[in-house]
Amino acid sequence: MKPRHKRAAIIAGGLVSIALAATLALNALDSNIALYITPSEVAAGKAPQGKAFRIGGMVKDGSMVRNDMTVRFVITDTVKEIPVAYTGILPDLFKEGKGAVVQGKLDQSGLFTASEVLAKHDENYMPPEAKHAIDQAQKGTSK
Amino acid sequence: MKPHPEKSLSENSAPRFSGRLFHYSSPQTFYPLAGKMIPFFWVAAALFGIAGLWIGFFVAPTDAQQGEAYRIIFVHVPASWMSMFIYLVMAAWAGIGLALGTRLSGMMAQALAPTGALMAALSLATGSLWGRPMWGTWWIWDARLTSELILFFLYVGFIALQAAIDDPRRADKAGAILALVGVVNVPIIYFSVIWWNTLHQGSSVSLTRSPSMAQTMLLGMLLMALCFWMYAIAMALMRVRAIILERERHTEWVRAEINLEKSNALE
């Protein structure tokens, strides 16, 4: 084996072992890297007790109620639902039927009091006319 | 008149392809070649940039949900792509240098690092500006944002490590190891939005399915991506020329080159 080939083999071997180590580490970290948990996971008892955490899901259609500066809405993953109360300014993209991530605490009655509300954007970019056309089409099929 | 050292070398070069490749892998022959290529890449960057910004600001429609703020993607997405791609290229050059001991490879890696760092910084800054009105926060420690920040630190670390070691050969070796170890971060950035729950949205453009984006928006973004490519190549070539001159300053051909530049400047 030429020294040049030997060096290349050592480098390749090093890279493979780093990749392997990283994969194992990331696997172990999996649940800790997640930014939020879903309402179903909360229902399954995965929410940390007495600690602030984040829930992510869709803002349920027609669930938003404003009362002065306090907004109440329901966050859902279409299986389970969690009512949320939040006092403060909502981000521009926050809308019913769209994704959101809320940070706060769950009380005994099951109400989630949020200290921060973030809007989660999807990967779709389209002009308003196209959006309008899609909405019309969806109304047509749902009838 | 003394014969130009570069000329005599190129006349002797082997006509085979691998011969050519190794011929241009010498700093002395690559220096003038890079010099010839730079203006082409600058012109291409300017043309793509003008076309991309024109479409981005005047032709592409307003987004249905985000309004005008979405236009940050014309800078943000190409910068993010480049920050990852430049890292891969840089690590590849560093790895080649480490395995084969070719001098130019280390110089190429060193030349790419500042442009990559700039792209990562630009990606983080533009993302932050967009995140405040859209998400409601400047920064969040989600997997995508955190791994991109780590990429920026890897670039800065690479630059600092190379600068800290005086002997260029040892500096190249140390930098190469850091660059190669850091490669593991690039797939993490790319797939973070698939592997974990993140606030950052998934990819709108991918190789495996059609883009979820209006045609003109996509066109503007791709033109800007090409502009960033051309800019990155032009900058890397300019920087590698400076590095070649600095590292080879004791050689005969660099002295001749500098004297030639000086006499040209006087005319």
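Every chain begins its residue count from 1, and numbering advances along the sequence as written. Written order determines the labels here, with chains lettered from A and ligands numbered from 1. This being a predicted model, a pLDDT of at least 70 is required before a residue's local features are given, and a value of 80 or more before pairs of side-chain atoms are given or counted; all residues contribute to the totals for chains, interfaces and linings. Derived side-chain values reflect all non-hydrogen atoms in the structure, with water molecules and hydrogen atoms excluded from consideration.

(A) Broad picture of the overall build of chain A. Put simply, DSSP marks the helices as runs of H or I at least four residues long and the strands as runs of E at least two long, and each gets a number from the N terminus on. A count of helical and extended segments in chain A gives three helices and six strands. Along chain A, helices (α) and strands (β) appear in the sequence α-α-β-β-β-β-β-β-α when read from the amino end. Computation of the radius of gyration draws on C-alpha atoms, with the globule rule given as 2.2 Å multiplied by the number of residues to the power 0.38. For chain A, the C-alpha radius of gyration of 23 Å lies well beyond 15 Å, the compact-globule estimate for 143 residues. Projected onto the principal axes, the alpha-carbon positions of chain A cover approximately 75 × 45 × 30 Å. Each residue's exposure class comes from its accessible area (1.4 Å probe, protein chains only) as a fraction of the maximum for that residue type: buried when under 20%, exposed when over 50%, partly exposed otherwise. Here chain A, with 143 residues, has 31% of them falling under the buried criterion. Summarising the internal contacts of chain A: among those between residues at least 6 apart in sequence, 49% fall at separations of at least 24. A 1.4 Å probe and the Shrake-Rupley method give the accessible areas. Residues count as covered only by the protein chains that appear here. Within the structure as shown, chain A displays about 8800 Å² of accessible surface, and the carbon and sulfur contribution to it stands at 56%. Positive: Lys, Arg. Negative: Asp, Glu. His and the chain ends are not part of the count. Charge positions are represented by NZ for Lys, CZ for Arg, CG for Asp and CD for Glu. Positive and negative side-chain charges in chain A, numbering 18 and 14 respectively, have mean positions lying 12 Å apart. Residue contacts are defined here by distance: any two heavy atoms, one from each residue, within 4.5 Å place the two residues in contact.

(B) Focus on the overall build of chain B. Within chain B one finds ten helices and zero strands. Counted from the first residue to the last, chain B has its helices and strands arranged as α-α-α-α-α-α-α-α-α-α. Counting all 267 residues of chain B, 47% fall into the buried class. Across chain B, the fraction of contacts at a sequence separation of at least 24, relative to all contacts at a separation of at least 6, is 74%. Accessible surface computed for chain B: about 13400 Å², of which carbon and sulfur atoms make up 70%.

(C) Structural view of unusual backbone geometry. At aspartate 68 of chain A, a residue that is not glycine, the phi angle is positive and equals roughly 55°. Turning to its location among the elements, aspartate 68 of chain A is positioned in the loop between β2 (65-67) and β3 (70-76).

(D) Layout of the packing of aromatic side chains. Residue and element names in this part refer to chain B. A pair of Phe, Tyr and Trp rings is counted when the ring centres sit within 6.5 Å of each other, with Trp represented by its six-membered ring. The angle between the planes then sorts it: under 30 degrees is stacked, over 60 is edge-to-face, the rest tilted. Counted under the stated rule, the structure contains 15 aromatic pairs over all chains. An aromatic cluster of three or more residues is present, and its members are Tyr190, Phe191, Trp195 and Trp196. Here, a charge over a ring is recorded when the distance from Lys NZ or Arg CZ to the ring centre is within 6 Å and its angle to the ring normal is within 35 degrees. In this structure, arginine 241 packs its charged tip against the face of tyrosine 31, placed 4.1 Å from the ring centre.

(E) View of the packing of helix α6 (residues 143-164) of chain B against helix α7 (residues 168-182) of chain B. All names here are of chain B. Packing of α6 against α7 brings their axes to within 8 Å, and their N-to-C directions diverge by 165°. Here α6 is positioned roughly antiparallel relative to α7, judged by the angle of their axes. Handedness of the α6/α7 crossing: right-handed. The residues of α7 that touch α6, namely those facing Leu154, Gly157, Phe158, Leu161 and Gln162, are Ala171, Asp172, Ala174, Gly175, Ala176, Leu178, Ala179 and Gly182. Each residue gets one label: Ala, Val, Leu, Ile, Met, Phe, Trp, Tyr, Cys and Pro are nonpolar, Asp, Glu, Lys and Arg are charged, and the others, such as Gly, are polar. Residues that form the contact of α6 with α7 fall into these classes: eight nonpolar, four polar and one charged. Axis angles are defined between N-to-C directions and span 0 to 180 degrees, where every axis is a line fitted to C-alpha atoms and, for a helix, only to the segment in contact. By definition in this entry, angles of less than 35 degrees are roughly parallel, angles greater than 145 are roughly antiparallel, angles of 65 to 115 are roughly perpendicular, and the rest are oblique. Left-handed describes a crossing in which the near helix is turned anticlockwise from the far one by less than a right angle; the clockwise case is right-handed.

(F) Region of interest: the domain arrangement of chain A. Domain start and stop positions are those given by an automatic or database domain assignment. Domain parsing of chain A yields domain 1 (1-33) and domain 2 (35-142). Each of domain 1 of chain A and domain 2 of chain A was reduced to a C-alpha centroid, and the two centroids are 40 Å apart.

(G) Representation of the side chain of threonine 29 of chain B within the structure. Residue and element names in this part refer to chain B. One can find threonine 29 in helix α3 (residues 27-59). Judged by relative accessible area, which is 4%, threonine 29 ranks as buried. Polar contacts, as counted here, are pairs of nitrogen or oxygen atoms within 3.5 Å of one another; within protein the pair requires one atom able to donate a hydrogen and one able to accept it, and residues that are adjacent in sequence qualify only if both atoms are side-chain atoms. At 3.0 Å, the side chain of threonine 29 forms a polar contact with the backbone oxygen of serine 26.

(H) Layout of the confidence of the model for chain A. Each residue carries a pLDDT score, the predictor's own confidence in it, on a scale running from 0 to 100. Looking at chain A as a whole, its pLDDT mean stands at 82, while 92% of the residues score no less than 70. Per-residue pLDDT, averaged within each element of chain A, yields its smallest value for helix α3 (residues 128-142) of chain A (68) and its largest for strand β4 (residues 81-87) of chain A (91).

(I) Main features of the confidence of the model for chain B. Considering every residue of chain B, the mean pLDDT works out to 86; 90% of them sit at 70 or more. Both scores are available for the predicted complex, with the pTM at 0.82 and the ipTM at 0.72.

(J) Seen up close, the environment of glutamine 49 of chain A. Considering the arrangement of structural elements, one finds glutamine 49 of chain A in the loop between α2 (39-43) and β1 (53-59). Residues glutamine 49 of chain A and leucine 106 of chain A lie 57 residues apart in sequence; the distance between their C-alpha atoms is 8.4 Å.

(K) Region of interest: the interface of chain A and chain B. Contacts between chain A and chain B engage 35 residues on the former and 42 residues on the latter. Each reported salt bridge corresponds to a side-chain nitrogen of Lys or Arg within 4 Å of a carboxyl oxygen of Asp or Glu. Scanning the region where chain A abuts chain B turns up zero salt bridges. Taken together, the elements giving at least two residues each to the side of chain A that touches chain B come down to α1 (3-33), β6 (112-120) and α3 of chain A. When residues in the side of chain A that touches chain B are grouped by element, the largest group, eleven residues, is from α1 of chain A. Here the residues of the side of chain A that touches chain B are counted per class, giving 21 nonpolar, two polar and twelve charged.

(L) Quick peek at the nonpolar core. The criterion is simple. A nonpolar core is a set of buried Ala, Val, Leu, Ile, Met, Phe, Trp, Tyr and Cys residues joined through side-chain atoms within 4.5 Å. If you look at the biggest cluster of nonpolar residues, it comprises 42 residues, and the most contacted ones within it are Ile73, Tyr87, Met90 and Tyr155 of chain B. Of all the elements in the fold, those that place two or more residues in this core are α4 (73-100), α5 (103-134), α6, α7, α8 (185-195) and α9 (215-247) of chain B. A per-element tally of this core places α4 of chain B first, with 13 residues. Setting aside its immediate chain neighbours within four residues, tyrosine 155 of chain B contacts Met82, Ser83, Ile86, Tyr87, Met90, Ala113, Gly116, Ala117 and Ala120 of chain B. If you look at the next biggest cluster of nonpolar residues, it comprises 31 residues, including Leu35, Phe94 and Ala100 of chain A together with Leu199 of chain B.

(M) Region of the structure containing the packing of α3 of chain B against α9 of chain B. Residues and elements named next belong to chain B. At a minimum axis separation of 7 Å, α3 and α9 run at an interaxial angle of 155°. Between α3 and α9, the crossing angle belongs to the class labelled roughly antiparallel. For the pair α3 and α9, the crossing hand works out as left-handed.

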